[in-house]
There are 2 protein chains.
Amino acid sequence: MATQRDVARAAGVSLAVVSAVVNGTSHTRMRESTRTRVLRAMQQLGYQPNHAARSLRLNQTGMIAMILNKLDNPVYGPLRQGVYEAAAEHGATVLLGDAETMRSGSQFLTRLLSQGTVDGILVRGEGLLDDDVMAELHSHPKPILILEHAPDHPWIDIDDRRAGEIATRFLVNLRHRHIVFVGGSGYISQQRYLGYQQAMDSAGLAPAPHLATGFGEQAGADGLRQAMQAATAPTAIVVNNIMSAVGVLAAAHDLGIAIPDQLSVVGIHDVDLMQHLRPAVTAVRMPMYQLGWAGVEALYDLIAGRSGTGGLITDPEPELVIRDSATALNPAGAENLVRPATSLTTEIRARPQP
Amino acid sequence: MATQRDVARAAGVSLAVVSAVVNGTSHTRMRESTRTRVLRAMQQLGYQPNHAARSLRLNQTGMIAMILNKLDNPVYGPLRQGVYEAAAEHGATVLLGDAETMRSGSQFLTRLLSQGTVDGILVRGEGLLDDDVMAELHSHPKPILILEHAPDHPWIDIDDRRAGEIATRFLVNLRHRHIVFVGGSGYISQQRYLGYQQAMDSAGLAPAPHLATGFGEQAGADGLRQAMQAATAPTAIVVNNIMSAVGVLAAAHDLGIAIPDQLSVVGIHDVDLMQHLRPAVTAVRMPMYQLGWAGVEALYDLIAGRSGTGGLITDPEPELVIRDSATALNPAGAENLVRPATSLTTEIRARPQP
DNA sequence: CTACGTTGAATTAACGATACGTCACCGAAG
DNA sequence: CTTCGGTGACGTATCGTTAATTCAACGTAG
């Protein structure tokens, strides 16, 4: 690898000039002819600045890390996109990490945090990062921005409460009275439940308790099963986690519940997959791309010493994408939903889950 | 941030001793008491080695990059896991990149490739990396290992041909005669088609042409639609890309085709999602975890100057996970359908995912 | 009693890039 | 003929680590 020294020799100038050409420094001036001579030499030698040396000298790396809870959750696609694009704007490279990589003793965390490998960190842990990790995160000098509500740290988030409200109100408007919320754990689903509660309240309906079964497909299936065991079976369901919606559909199929005829389903977070399920799932699209972009901007504010620009992203608002999994309830139709408890248990036994 | 110099001053020793303590160098010897004194000083000051300085000095970073075609494709979950674990074994950190980040002009590629940000690169582009990117990849000095078949570079891959063969033979054993292959583009699906072809040939059946519709849910839907337009409609289908299977299910639903009663479906690559679809999808599980692990090992061979250890991963073999999307065809007619009996096949039954 | 090996540690030269301070040169103004 | 300001470029300290080299002190063997 050619170094600046090599380039300098080849161009017949000093190191300083090469550096100035590379960085466009105004401090060191030079003739245009000198500049092109250096440029040519750089090209001929295939010169590439050494990242380590640069980082050492400048005490910044041009890299930021983003740590996500489940990297292959499709809701993160647009988030990543937003982060990448905003980072590119700052000339930065993004180092992606999965929270599962961050178990104690992992090189990843330590290296990131304390060794100055990155200039700052974005974290979206979905409330699942354990206290050890959070403590380690906060014990180090580099700026951290949390991409969800955080009590005493800079944060920025999407409006999860509003999403829960939108999903619920949509079902209320479809004349559903017995709407249940299948949630996960942590602050995020708590917020969505709050929105659900609010929509129910303002419609004069009694909110059902938060069925917190966790994340992912299995959680959705469990949630639906629990919901159907209530005294009055729900006619509609708001699913906190979008991947849980897949589980809700599967469990409904297994229990012989037709969607949307017997049960309407609305998910929170919209992903491509939803339009390819049958029935295609009605979902609330969240501004994840904007979250990513805004997150990077806020992080760079932090890096620059400015603080502040955080809070909820309100533009665009969460947006309902109507597909086929929710339908209007005929006000007279509540009675002709057949769901005898005995047959339900039989069905459950027929298909034990792994 | 405390430096080695600070530690040295605090412990009353020289820089060299601190460095020796940090690295456990045998070259510089010291009294045990000195060692502990240095260790205590390090703790008190919260010393953390500076990554940039270290990289500069050693000319290696302890980071490797892995570039994947679609980061949120769930088939990559186990791959990442394998890579992370093997990398941890080498004390390395993994920098994850999506191929979409690598469009021309991206900081990511350049920084990675030429500026010595990483010690080596793993790439799985699913044949979708364009020539520019590949050219740029190969024009730089750091070792690259391709996680798929590559003509003139170190590579390591899973046995895609065998996967196509296993999927097809399973359907042949279920007495299907009209089996069609819905594929994607590129070498990987080509290999799977070859396996399909081989299984068809050895069963004395005529292979259908490769329906290459691409990747993802939509591709599956398109593929099925094309397949159903043939003179004789297929009774079974092998789906190249696992996410395409979702689209196949959706399209079948839309076309009023019952799965598995009217059409049997087997996917290649098994992911959690498959067991949560209805019907749950029978799929060939590929050793992605092993691919990741072996990839890192081979990459470190390359870094160490050793070359060789590449080729197909044959242990474990691709393995069929039987679920509900494929059923036996009665030779007397499509009306008498029988669920697959264990005696009918030599394949294994579904096992829980690790 | 001296030469020598061993132990325990200090000095110091890179690694590559950056930016501050310096300086030679030249034309023009005083 | 100086002095001055501007231009164009050079030297070099510095970032934090590592490892080769050097070195002082101390036993011990001859």
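Residues numbered from 1 in each chain as written. Chains lettered and ligands numbered in written order. Predicted model: local features only at pLDDT ≥ 70, side-chain atom pairs only at ≥ 80, totals over all residues. Heavy atoms only, no water.

Enquirer: What's the story with the overall build of chain A in this structure? I'm lost.
Expert: Assigned secondary structure in chain A consists of 14 helices and 12 strands. Burial statistics for chain A: of 354 residues in total, 54% are counted as buried. Contacts in chain A between residues at least 24 apart in sequence constitute 73% of all its contacts with a sequence separation of at least 6. A total of about 15,300 Å² of accessible surface is found on chain A, and carbon and sulfur atoms cover 49% of it. (Helix = DSSP H or I, 4+ residues; strand = E, 2+ residues; numbered from the N terminus. Buried < 20%, exposed > 50% of the residue type's maximum accessible area, 1.4 Å probe, protein only. Contact = heavy atoms within 4.5 Å. Areas by Shrake-Rupley, 256 points an atom, 1.4 Å probe, with all protein chains shown as cover.)

Enquirer: Help me understand the relation of the copies chain A and chain B in this model?
Expert: Copy one and copy two of the chain differ by a rotation about an axis and a translation along that axis. Overlaying chain A on chain B yields an RMSD of 0.1 Å, the required transformation being a rotation through 180 degrees with an accompanying axial translation of 0.0 Å. Here the two chains are linked by the operation of a two-fold rotation axis. Comparing interface residues between copies, 94% of those in chain A also lie at the interface in chain B; the contact surface is shared. (Least-squares fit on C-alpha atoms with pLDDT ≥ 70 in both.)

Enquirer: In this structure, what is going on with the UniProt feature "domain: HTH lacI-type" (unreviewed entry) in chain A? I would like to understand it.
Expert: The sites that UniProt annotates as "domain: HTH lacI-type" (unreviewed entry) are residues 2-58 of chain A. Regarding residues 2-58 of chain A, the helix share stands at 68% and the strand share at 0%, and the terminal C-alpha atoms are separated by 20 Å. (UniProt positions renumbered as here; feature names shortened; annotations may be inferred.)

Enquirer: Can you walk me through unusual backbone geometry in this structure?
Expert: Peptide bonds are mostly trans, and most non-glycine residues show a negative phi. Residues Ile259 of chain B and Pro260 of chain B are joined by a peptide bond in cis, for which omega reads 10 degrees. Checked against the element boundaries, Pro260 of chain B lands in the loop between α11 (242-255) and β9 (264-268). For the bond running from Asp315 of chain B to Pro316 of chain B, omega is 0 degrees, close enough to zero to count as cis. Along the polypeptide, Pro316 of chain B turns up in the loop between β11 (311-313) and β12 (319-321). Even without glycine at this site, Arg175 of chain A takes up a positive phi of about 75 degrees. Positionally, Arg175 of chain A belongs in the loop between α8 (160-173) and β6 (179-183).

Enquirer: How do you make sense of helix α4 (residues 51-58) of chain A when you look at a structure like this?
Expert: Because an α-helix packs 3.6 residues into every turn, residues spaced three or four apart end up facing the same way. Residue and element names in this part refer to chain A. All of the buried residues along α4 are His51, Ala52 and Ser55. One side of α4 holds all its buried residues, which, seen down the axis, span an arc of 100 degrees. Put simply, Asn50 is the residue that caps the front of α4, since its side-chain oxygen is 2.8 Å from the backbone nitrogen of Ala52. Once α4 ends, the next one or two residues include Asn59, with phi positive near 60 degrees. (Arc of directions from axis to C-beta. Polar contact = N/O pair within 3.5 Å; in protein donor to acceptor, adjacent residues only side chain to side chain.)

Enquirer: Honestly, the domain arrangement of chain A in this entry has me stumped. Any pointers?
Expert: One widely used convention gives an interface's size as the accessible area the parts lose upon coming together. The domain architecture assigned to chain A consists of domain 1 (4-49), domain 2 (60-158 + 290-313) and domain 3 (160-286 + 319-350). For domain 1 of chain A versus domain 2 of chain A, the separation of C-alpha centres amounts to 36 Å. (Domains from an automatic or database assignment.)

Enquirer: Help me understand the protein's contact with DNA strand C, please; the structure alone is not making it clear to me.
Expert: Of all residues adjacent to DNA strand C, which total 26 residues, the nearest are Arg54 and Arg57 of chain A together with Ser14, Arg31 and Thr34 of chain B. A distance of 2.6 Å separates a phosphate oxygen of DNA strand C from a polar backbone atom of Gln4 of chain A. A distance of 3.4 Å is found between a base nitrogen of DNA strand C and a backbone nitrogen or oxygen belonging to Ala53 of chain A. Only α2 (15-23) and α4 of chain A together with α2 (15-23) and α4 (51-58) of chain B provide two or more residues apiece to the surface near DNA strand C. Looking at the surface near DNA strand C element by element, the count peaks at five residues for α4 of chain A. Taken together, the residues of the surface near DNA strand C break down into 11 nonpolar, 10 polar and five charged. (Near = heavy atom within 4 Å. Nonpolar A, V, L, I, M, F, W, Y, C, P; charged D, E, K, R; others polar.)

Enquirer: Got a minute to help me understand the interface of chain A and chain B in this structure?
Expert: With 49 residues of chain A in contact, the opposing surface of chain B contributes 48 residues. The interface formed by chain A and chain B holds six salt bridges in total. Note that Arg80 of chain B is salt-bridged to Asp72 of chain A, the shortest N-O span being 3.5 Å. Where chain A meets chain B, there are seven residue pairs in polar contact (both at pLDDT 80 or more). At the level of secondary structure, the elements contributing two or more residues to the side of chain A that touches chain B comprise α4, α5 (76-89), β2 (93-98), α6 (107-114), α10 (217-228), α11 (242-255) and α12 (272-276) of chain A. When its residues are assigned to classes, the side of chain A that touches chain B shows 20 nonpolar, 20 polar and nine charged. (Salt bridge = Lys/Arg side-chain N within 4 Å of Asp/Glu carboxyl O.)

Enquirer: Can you walk me through the sheet that holds β6 of chain A in this structure?
Expert: Sheet strands pair via backbone hydrogen bonds, and the direction of the pair is either parallel or antiparallel. Residue and element names in this part refer to chain A. Pairing is mixed in the open sheet, where six strands are placed in the order β7-β6-β8-β9-β10-β12. Bordering the open sheet on either side are β7 (211-212) and β12 (319-321), each of which pairs with just one other strand. Running at roughly 165 degrees to strand β9 (residues 264-268), α8 makes contact with β6, β8 (236-239), β9, β10 (282-285) and β12 of the sheet. Seen against the sheet, α11 touches β8, β9 and β10 and runs at an angle of roughly 145 degrees to β8. (Pairing = 2+ DSSP bridges. Axes fitted to C-alpha atoms, helices over the stretch in contact; angles between N-to-C directions.)

Enquirer: What am I meant to see in the sheet that holds strand β7 (residues 211-212) of chain B here?
Expert: Residues and elements named next belong to chain B. Here we have six strands laid out as an open sheet, ordered β7-β6-β8-β9-β10-β12, and mixed in their pairing. Whereas interior strands pair on both sides, the edge strands pair on one side only; in this sheet they are β7 and β12. As paired strands, strand β6 (residues 179-183) and β7 are joined by two bridges and run parallel to one another. Within the sheet, the bridge partner assigned to Gly183 lies in β7 and is Ala212. Running over the sheet, helix α8 (residues 160-173) touches β6, β8 (236-239), β9, β10 (282-285) and β12 and is turned about 165 degrees from β9.

Enquirer: Just checking my understanding: could you explain the packing of helix α1 (residues 4-11) of chain B against α2 of chain B for this structure?
Expert: Each packed pair of helices is defined by two parameters, the angle between the axes and the distance between the axes. Residues and elements named next belong to chain B. The interhelical angle for the contact between α1 and α2, taken along N-to-C directions, is 110 degrees, at an axis separation of 8 Å. What the angle tells us is that α1 and α2 run roughly perpendicular. Across the interface between the two elements, Gln4, Arg5, Val7 and Ala8 from α1 touch Leu15, Val18, Ser19 and Val22 from α2. Its residues placed into classes, the contact of α1 with α2 shows five nonpolar, two polar and one charged. (Parallel < 35°, antiparallel > 145°, perpendicular 65-115°, else oblique.)

Enquirer: Is there a simple way to think about the pairing of β9 of chain A in this case?
Expert: Residue and element names in this part refer to chain A. The buried count for β9 comes to five of five residues, which makes it a mostly enclosed element. A two-sided burial pattern is seen for β9, the buried positions comprising Ser264, Val266 and Ile268 on one face and Val265 and Gly267 on the other. This β-α-β element, β8 to α11 to β9, shows right-handed connectivity. As defined by bridge partners, β9 adjoins β10 across three bridges and the pair is classed as parallel. Following the sheet pairing, Val266 is matched in β10 by Thr282. (Right-handed = clockwise from strand over helix to strand, strands pointing away.)

Enquirer: In this structure, what is going on with the protein's contact with DNA strand D? I would like to understand it.
Expert: Close to DNA strand D lie 27 residues, the nearest being Arg29, Arg31 and Thr34 of chain A together with His27 and Arg57 of chain B. At 3.0 Å from a phosphate oxygen of DNA strand D is found a main-chain nitrogen or oxygen belonging to Asn50 of chain B. For DNA strand D, a phosphate oxygen lies 2.7 Å from a polar atom in the side chain of Arg54 of chain B. At the level of elements, α2 and α4 of chain A together with α2 and α4 of chain B are the ones that each hand at least two residues to the surface near DNA strand D. Split by residue class, the surface near DNA strand D holds 11 nonpolar, 11 polar and five charged.

Enquirer: What am I meant to see in the packing of aromatic side chains here?
Expert: A ring pair, where both rings are aromatic, is described by two values, the distance of the centres and the angle of the planes. Within this structure, the stated rule accounts for eight aromatic pairs over all chains. With a centroid separation of 5.6 Å and an interplanar angle of 40 degrees, the aromatic rings of Phe181 of chain B and Tyr196 of chain B are classed as tilted. Taken together, the residues span a long stretch of sequence, with Phe181 of chain B in strand β6 and Tyr196 of chain B in helix α9 (residues 187-202) at a distance of 15 residues. As far as the burial class goes, Phe181 of chain B and Tyr196 of chain B line up, both buried. Members of the aromatic cluster, joined through ring pairs, are Phe181, Tyr193 and Tyr196 of chain A. (Phe/Tyr/Trp six-rings, centres within 6.5 Å; stacked < 30°, edge-to-face > 60°.)

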